[in-house]
Amino acid sequence: MAMEYLSVTNAQQCILESVTALGAEPVKLEQSLGRVLAEEVRANRDIPPYDVSAMDGYAVRSADLAKVPATLEIIEDIKAGDMPTKTVQAGQCARIMTGAPVPQGADAVIRVEDTQFLAEGKVQINVAVKRGNDIRVQGESMRNGEVVLTAGTEITPGVIGVLATVKCAQVQVHHSPRVAILSTGDELEGMDDPVDPNKIPNSNSYALMAQVQALGIAPALLGIARDDPDELAEYLQRGLHFDVLLVSGGTSVGVHDYVRPTIEALGVQMKFWRVAMKPGHPLAFGILQRNSGGTTKDTFVFGLPGNPVSSMVCFEEFVAPALRRMTGHARLYRRTIAARLTHNIKHQAGRTEFIRVTLAKEEGGYTATSTGAQGSGMLLSMARADGLMAVPADSTGLAAGSMVTVQLLDGTVFQDDVGFKE
Ligand code: AMP
Ligand code: MG
C-alpha cells in the first residue's frame, strides 16, 4: 500500500482504472430515465413513413404557380391519419393538414396563411414555391434499420422519445451499483436518538445518501457503528456484500480510527489512503473480491473523512465518477464553467484545495465568490455553494479578477474531463 500522499488526479486515475461498467439488465421504458443504454438501438421503420405535410395548407403542383396569384380547384381534404384517394392534376390541389400524406401529383405544400379560400371549392394561392416546399420527406427523421442510439447513450427525455418511436417498451441498460453507507464514531447521534448536547448529529449518512440519489441510485443506510473493532467489523461485513461501500469517519491516524485495519482484516486490498487535498485527506480506497453465486465480484470501499464537508467533497471528486462509470456513463465529472474570481485567495502550495463558491451572472459571464468560512466542518458552506473551485496544488494563491474553473454542484450534465489542472 502506498503510504505517500497521492495527488487528486492520481487518486482519481487509480479509482477509475479499477472500476468498469456493470452488466446489463432489461428495464421498462417508463423506468429508464437517467440509465445508460447497454445495447445499440435501430429504427424499425422510416419516420415519417411517407412524404407528409409540414403545415396546415394545400398540397399543390409547384409548376401551377409560375404566375401568382393562381386559382386552384380543391379536390380533396386530407387529415393526419387519412390516406389520399385522388391524384392532383394540373390546376388542382388538396387541402392538407400537418402530418398528412402528400397526395400523388403534388410536389409542394403552401401554408394556409399564404392562400385565400374562394367560394365553390376553389382557393387562391398567393406565393410561388419550389418543389418540396413544406414537405417532410419519407425517412428524413429516421431510416428503417439505421442505428439511432449507440450503446453508452444516457437516457434523457429526448432519448425516451426516440425509444418510444422505435417501439422499445423495454430497454437493456447497465445495472446500477448497489451502494451502502456506513457512518462510524462514538460521538454520533442517530436521527431517532434524543438530542444530547454532547453528541454530534450524524449528518454524513444523509448528505452521502442524497449525493448517491442525485446520481439516480438508491443507497442502503447501514446506520452508525461505534469505534469498536468488533462492532465495526460486523457492520463492515454487512456492507461488503454491496458493490460499493462508503464508510464515513475513522480512516485517519487517531488511536480509535479502526476502519482501515478492520477492512484490511476483512480482506479488502487497500489501494491508497492519503490524498493531497483540502478538505479531504484522509481518503481511503480499497477493493474486495467477493464470491457472489459462484462468480467473483468486486466491492469497492471508500473510507471517507468524517468531517462533513470533506466527506461531501471526496464523494464529488472520487466516488461520483466511479459510480457514473459503473452505471455505464462516459461523462464522469461535474460540468464546469469559467468564472471571474471576486477576491484574492490565499493558498499554501502542496495540496489541491476545493473552495465552495457561489456564482453570479455578470455581463459576459459569471463571477465566483467564496461562501465564507471554509472549515471542513462548516456544512453550511456546502449548502450555500453553487460549485467547487479547485485551487491547484502548486498554486501560491489566486488574485481577484483571475479566471477560475468551477465544477457545478447543481447540474445534471457531466463532462469527461476533471474540471481543473494540477
Ligand atoms: P473522523 O474522520 O472519524 O476523525 O471524524 C472527523 C470529524 O468528523 C469529527 O469531528 C467527527 O465528529 C465528525 N464526523 C464523523 N462522522 C460524522 C457524521 N457521520 N456526521 C457528522 N459528523 C461526523
Ligand atoms: Mg471518528
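Residues numbered from 1 in each chain as written. Chains lettered and ligands numbered in written order. Predicted model: local features only at pLDDT ≥ 70, side-chain atom pairs only at ≥ 80, totals over all residues. Heavy atoms only, no water.

> Can you tell me about the site of ligand 1, naming the residues and giving the values?
Taken together, 15 residues sit near ligand 1, with Glu187, Asn202, Gly250, Gly306 and Asn307 positioned nearest. In the environment of ligand 1, a nitrogen atom lies 3.1 Å from a nitrogen or oxygen atom belonging to the backbone of serine 203. Glycine 250 is positioned with one of its backbone polar atoms (N or O) 2.8 Å from an oxygen atom of ligand 1. Going through the elements one at a time, β13 (179-184) and β15 (200-201) are the ones with two or more residues in the shell around ligand 1. In terms of residue class, the shell around ligand 1 is built from four nonpolar, ten polar and one charged. (Near = heavy atom within 4 Å. Polar contact = N/O pair within 3.5 Å; in protein donor to acceptor, adjacent residues only side chain to side chain. Helix = DSSP H or I, 4+ residues; strand = E, 2+ residues; numbered from the N terminus. Nonpolar A, V, L, I, M, F, W, Y, C, P; charged D, E, K, R; others polar.)

> How would you explain the sheet that holds strand β18 (residues 269-272) if you had to name every residue and give the values?
Neighbouring strands of a sheet are bound in pairs by backbone hydrogen bonds; such pairs are parallel or else antiparallel. Taken together, six strands build an open sheet; the order of strands is β16-β13-β17-β21-β20-β18 and the sheet is mixed. In the strand order of this sheet, the two ends are held by β16 (220-225) and β18, each with one partner. The average angle at which neighbouring strand axes cross in this sheet is 20°, direction not considered. Of the pairings in the sheet, the one linking β18 to strand β20 (residues 284-292) comprises three bridges and is antiparallel in character. Opposite phenylalanine 272, over in β20, you have phenylalanine 285 as the bridge partner. Packed on one face of the sheet, helix α3 (residues 204-213) meets β13, β16, β17 (244-248) and β21 (295-304) and runs near 160° to β13. Its contacts with the sheet put helix α6 (residues 308-326) on β13, β17 and β21, and the angle it makes with β21 is roughly 160°. (Pairing = 2+ DSSP bridges. Axes fitted to C-alpha atoms, helices over the stretch in contact; angles between N-to-C directions. Contact = heavy atoms within 4.5 Å.)

> Any chance you could break down the sheet that holds strand β5 (residues 70-78) for me, citing the residues and the numbers?
Strands sit in the order β7-β4-β6-β5-β9-β8 across an open sheet of six strands; the sheet is mixed. In this open sheet, the two edge strands, each paired with only one partner strand, are β7 (108-111) and β8 (115-118). Along the sheet, successive strands turn relative to each other by an average axial angle of 40°, direction set aside.

> Can you explain the pattern of salt bridges? Please cite residues and give values.
This model, assessed by the stated rule, comprises twelve salt bridges. The partner of arginine 111 in a salt bridge is aspartate 114, with the nearest N and O atoms 3.0 Å apart. Arginine 111 gets classed as partly exposed once you look at its relative accessible area, which sits at 34%. For the salt bridge of glutamate 316 with arginine 334, the shortest nitrogen-to-oxygen distance reads 2.9 Å. (Salt bridge = Lys/Arg side-chain N within 4 Å of Asp/Glu carboxyl O. Buried < 20%, exposed > 50% of the residue type's maximum accessible area, 1.4 Å probe, protein only.)

> Go over unusual backbone geometry, please, and point to the residues and values.
Cis geometry is found at the peptide bond from valine 68 to proline 69, where omega equals -5°. Looking at the secondary structure, you find proline 69 in the loop between β4 (57-60) and β5. With an omega dihedral of 5°, the bond running from histidine 281 to proline 282 counts as a cis peptide bond. Looking at the element boundaries, proline 282 is found in the loop between β19 (277-278) and β20. Non-glycine residue glutamate 120 carries a positive phi angle of around 55°. Of note, the phi angle at lysine 167 is positive, near 60°, even though the residue is not glycine.

> Explain the packing of helix α1 (residues 8-18) against α6 to me, using residue names and the numbers behind them.
Contact pair α1 / α6: the axes reach a minimum separation of 10 Å and the direction vectors enclose 30°. Judged by the angle between their axes, α1 and α6 are roughly parallel. Crossing hand, α1 versus α6: right-handed. On α6, the residues touching Val8, Ala11, Gln12, Ile15 and Leu16 of α1 are Glu317, Phe318, Pro321, Ala322 and Arg325. Considered class by class, the residues forming the contact of α1 with α6 number seven nonpolar, one polar and two charged. (Parallel < 35°, antiparallel > 145°, perpendicular 65-115°, else oblique. Left-handed = near helix turned anticlockwise from the far one by under 90°.)

> For the pairing of β20, give the residues involved together with the corresponding values.
Bridging between β20 and β21 involves nine bridges; their strand directions are antiparallel. Among the inter-strand pairings, phenylalanine 285 is bridged to a residue of β21, identified as phenylalanine 302. Where β20 hands over to β21, the hairpin turn is made up of two residues, of which glycine 293 adopts a positive phi near 55°.

> Describe the packing of α3 against α6, listing the residues and the values that go with them.
The axes of two packed helices give the description: the angle between them and the distance between them. It is at 10 Å that the axes of α3 and α6 come closest, and there the two elements cross at 30°. Looking at the two axes, α3 sits roughly parallel to α6. Remark: the crossing between α3 and α6 carries right-handed chirality. Facing α3, whose interface residues are Asn204, Ala207, Leu208, Gln211 and Val212, α6 presents Pro308, Ser311, Met312, Phe315, Glu316 and Leu323. Taken together, the residues of the contact of α3 with α6 sort by class into seven nonpolar, three polar and one charged.

> How would you summarise the packing of aromatic side chains if you had to cite specific residues and measurements?
All chains considered together, the criterion is met by four aromatic pairs. Between phenylalanine 285 and phenylalanine 302 the ring centres are 5.1 Å apart and the planes differ by 40°, which places this aromatic pair in the tilted class. Residue phenylalanine 285 is located in strand β20, and its partner phenylalanine 302 is located in strand β21; the two are separated by 17 residues in the primary sequence. Like phenylalanine 302, phenylalanine 285 is buried. An aromatic cluster is defined as three or more aromatic residues linked by ring pairs; in this entry it consists of Phe272, Phe285, Phe300 and Phe302. Sitting over the ring of phenylalanine 414, arginine 324 keeps its end group 3.6 Å from the ring centre. One residue, lysine 361, lies across the ring of tyrosine 366, its end atom 4.8 Å from the ring centre. (Phe/Tyr/Trp six-rings, centres within 6.5 Å; stacked < 30°, edge-to-face > 60°. Lys NZ or Arg CZ within 6 Å of the ring centre and 35° of its normal.)

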